[in-house]
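# Observations on the model geometry
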Amino acid sequence: MKTFPVRVPFSNGLHGRPAMELVHTAQSFESEITIAKGARSAVATRMIALMTLCVKENDTVTVTVSGPDEEAAAAALERFFRQEDPPARARM
Amino acid sequence: MQTIQGKSIQPGIAVGPIRLYDRGGSSPTKLSSLTPQRERDRFLAAKAQAALELRQLQEHACSRLGGDLAAIIQVQSAMLEDPDFLEGVEERIRQGASAEFAALASGEDCADMLLATQDEYLRSRAADARDLARRLAGILSGQEGAPQPPAGILVVQDLSPSEAVGLDSSTLLGLVSCQGSSNSHTAILARAMGIPSLIGVEIDPAWDGLPAVLDGDQGILYLEPDDEIRSAALERQRVLLEQQQRLLAQCGGPCLTKDGRKVELYANVGSPREAWTARANGAQGIGLFRSEYLYLGRRTCPTEEEQFEAYRQTVLAMDGMKVIIRTLDVGADKQAPCLAQESELNPALGYRGIRYSLTHPELFCQQLRAILRAAAFGPIGVMFPMVTSAQEVRAAKEMLEDCRRDLLSKGIEPGPVEIGTMIETPAAVVLADQLAQEVDFFSIGTNDLSQYTLAADRQNPRLAALCDADYTALMRMIRHTVDTAHRFGCRVGLCGEMGADPAMTGALLRLGLDELSVSPPALLSTRECISGIPLAQPSGVH
């Protein structure tokens, strides 16, 4: 199991597009991934639950990853929160 | 006369009858007489349908109304897959509830979760959860989506994003809503459509059908306006139109490059109203009328009469300028519920465009007859999508001729039409010489042509960088197409998104395109861009 804090860089917090992308990223791994803000947490594949955490820009949240591919998952999530992957664009 | 003050979210004047928006819907019975497994199956089928409808609305929003609305619809698509929502449905079905009831109740639970946060953004997402649940319930109980209100000033309590996107902008003169903020999707929609709108008005159902004036500048709704108010409003409308026309006076003339070469600047539209907007912004024709928009969001297909009316209105709006209608282009990411298409493993490479039409002759002929009839009112070009062989074009031309004979035998005089084909597959590029001998014009669909040439899914966000990195391959395809077409006396236009990209316009025109067709909001900027381009420079394509 890996646990680490990350800063939230998204201007609207964990809403809308970033929330959807986080869910998408989390879904591609076998490990269970949870995001915690203070005492409340949500499984990262549950978008509505994630949104109700009310995570804002510059909040620090705790990411917990547990499972067979936790190394890769943790790395991917760190990249996600550092916005290192090219952003998804609305394409026609 | 009643005078009602509201908050304006979009200026302008609308004069017309009030149309109350009737969402429809009913309360489903709680308990099911079917087995849970049966209800589960029903739910899954409805879920698949809802996903299709939302994708379609999203695409519609993307291409015509802007990314903000599209993003909101996308959130609904994601909610449809949310485990909390689905588990809530499953739990209730297991306890014997009907799928409709389970969907609505689970939607309410998700809405409550979001409302509990006290966050303004999240609270509007609660409305999305309910909207999604209503869509599912509607599909399950076999209801048509909310019927399109007749032309007028639409009055609503509130409008969900998917409802907003699904509205027929060609009949919407103005919008009055009780709920909504200046940043809500209602506002986004109003701005995208450019229709005068108010929010914060207490709605009264008794208003339905009353003549009205909506003053989007002052934020006032006048019901049963007296003559003074009404004539002042019409005068103001006239003044605004004149102002706009004066601003666009430069657009009345030809579209010229810096060294004086003439470029035909057309517009891509999906409705008669958009054609009006295109014309007002200096379009010299319609380079692409997306006929599939007549099928969007509908559970029953448009009739020949409905199609004829839409094409005819578009032709009249363009007042003697050419209108190129692309025949039904469904399949891949464009699905119409009324056509009951089968799901495919590879929809982008699947049963779509002209292939679909040729194997559904009744549907195809219905469309061709409507187009031929509309051609009696103004110049029309008919264009076939996803063509990959000359044989396809010949088959389509034969059907067109059959339809013409059919109309004549019924005493209906169709108009002449030019015939063209989309060039959006590598096969079409390579066969350009054969195709050029079958048709009067080509239109290059760069969106799909790029996708098939690079073998990269244009809907896949991970490939965005790849698709945009290097245009050499695509530009060579285009150059070959233009050179070949011109050898055979065939005109070439371009209707993909790339045409409006200022970084690409010069390079594309230097390849020798006769016509560029862009979305209406891009007309003015594209014209300006072209006026700064000297074509005498080399094309830069090797």
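Structure: above.
To keep things clear, this report deals only with the structure shown in the data block. (Residues numbered from 1 in each chain as written. Chains lettered and ligands numbered in written order. Predicted model: local features only at pLDDT ≥ 70, side-chain atom pairs only at ≥ 80, totals over all residues. Heavy atoms only, no water.)

### Overview of the overall build of chain A
Across its full length, chain A carries three helices and four strands. Counting from the amino terminus, helix and strand elements in chain A follow one another as β-α-β-β-α-β-α. Taken across its 92 residues, chain A has 49% of its residues classed as buried. Here the analysis covers contacts within chain A between residues at least 6 apart in sequence; of these, 70% occur between residues at least 24 apart. For chain A, the computed accessible surface area is about 4500 Å², with 47% contributed by carbon and sulfur atoms. (Helix = DSSP H or I, 4+ residues; strand = E, 2+ residues; numbered from the N terminus. Buried < 20%, exposed > 50% of the residue type's maximum accessible area, 1.4 Å probe, protein only. Contact = heavy atoms within 4.5 Å. Areas by Shrake-Rupley, 256 points an atom, 1.4 Å probe, with all protein chains shown as cover.)

### Looking at the overall build of chain B
When helices and strands are counted, chain B shows 20 helices and 17 strands. Expressed as a percentage of its 542 residues, the buried residues of chain B come to 54%. When contacts within chain B are restricted to residue pairs at least 6 apart in sequence, those whose partners lie at least 24 apart make up 70%. Here chain B has roughly 22600 Å² of accessible surface; of this, 52% comes from carbon and sulfur atoms.

### So, the nonpolar core
Considering soluble globular proteins, one finds that nonpolar side chains tend to be buried as a cluster. Counting residues in hydrophobic clusters, the biggest one holds 82 residues, and the most contacted among them are Ile286(B), Leu339(B), Phe442(B), Ile444(B) and Ile478(B). A total of eight residues in this core trace back to one element, the largest contributor, which is helix α12 (residues 361-374) of chain B. If you look at the next biggest cluster of nonpolar residues, it comprises 60 residues, including Leu53(A), Ala74(A), Phe80(A) and Leu80(B). (Core = buried A, V, L, I, M, F, W, Y, C linked by side-chain atoms within 4.5 Å.)

### Quick notes on the pairing of strand β7 (residues 211-215) of chain B
Residue and element names in this part refer to chain B. Counted residue by residue, β7 has four buried out of five residues, so it is predominantly covered. Two elements, strand β3 (residues 13-20) and β7, share five bridges in a ladder whose sense is antiparallel. Bridge assignment links Pro17 to a residue of β7, and that residue is Pro211. With four bridges connecting them, β7 and strand β8 (residues 220-223) associate as antiparallel partners. Note that in β8 the partner of Leu214 across the bridge is Leu221. Count of turn residues in the β7/β8 antiparallel hairpin: four residues, of which Gly219 carries a positive phi of about 75°. (Pairing = 2+ DSSP bridges.)

### Description of the sheet that holds strand β4 (residues 152-156) of chain B
Residues and elements named next belong to chain B. Judged by pairing direction, the sheet is mixed, and its eight strands sit side by side in the order β1-β8-β7-β3-β4-β5-β6-β2 without closing on themselves. Here the strands that pair on one side only, and so sit at the sheet edges, are β1 (2-5) and β2 (7-10). Each strand of the sheet is rotated relative to its neighbour by a mean of 30°, with strand direction disregarded. (Axes fitted to C-alpha atoms, helices over the stretch in contact; angles between N-to-C directions.)

### Some thoughts on the pattern of salt bridges
Summed over the entire model, instances satisfying the criterion amount to 35 salt bridges over all chains. Between Arg46(A) and Glu87(B) there is a salt bridge, with its nearest N and O atoms 2.6 Å apart. With Arg46(A) in the loop between β3 (40-43) and α2 (47-51) and Glu87(B) in helix α3 (residues 83-94), this pair bridges two chains. Under the relative-accessibility criterion, Glu87(B) is labelled partly exposed at 42%. Between Arg326(B) and Asp329(B) there is a salt bridge, with its nearest N and O atoms 3.7 Å apart. No difference in accessibility class separates Arg326(B) from Asp329(B), as the two residues are buried. Bridged by salt links that share partners, the residues Glu304(B), Glu305(B), Arg369(B), Arg373(B), Asp406(B) and Lys410(B) form one connected network. (Salt bridge = Lys/Arg side-chain N within 4 Å of Asp/Glu carboxyl O.)

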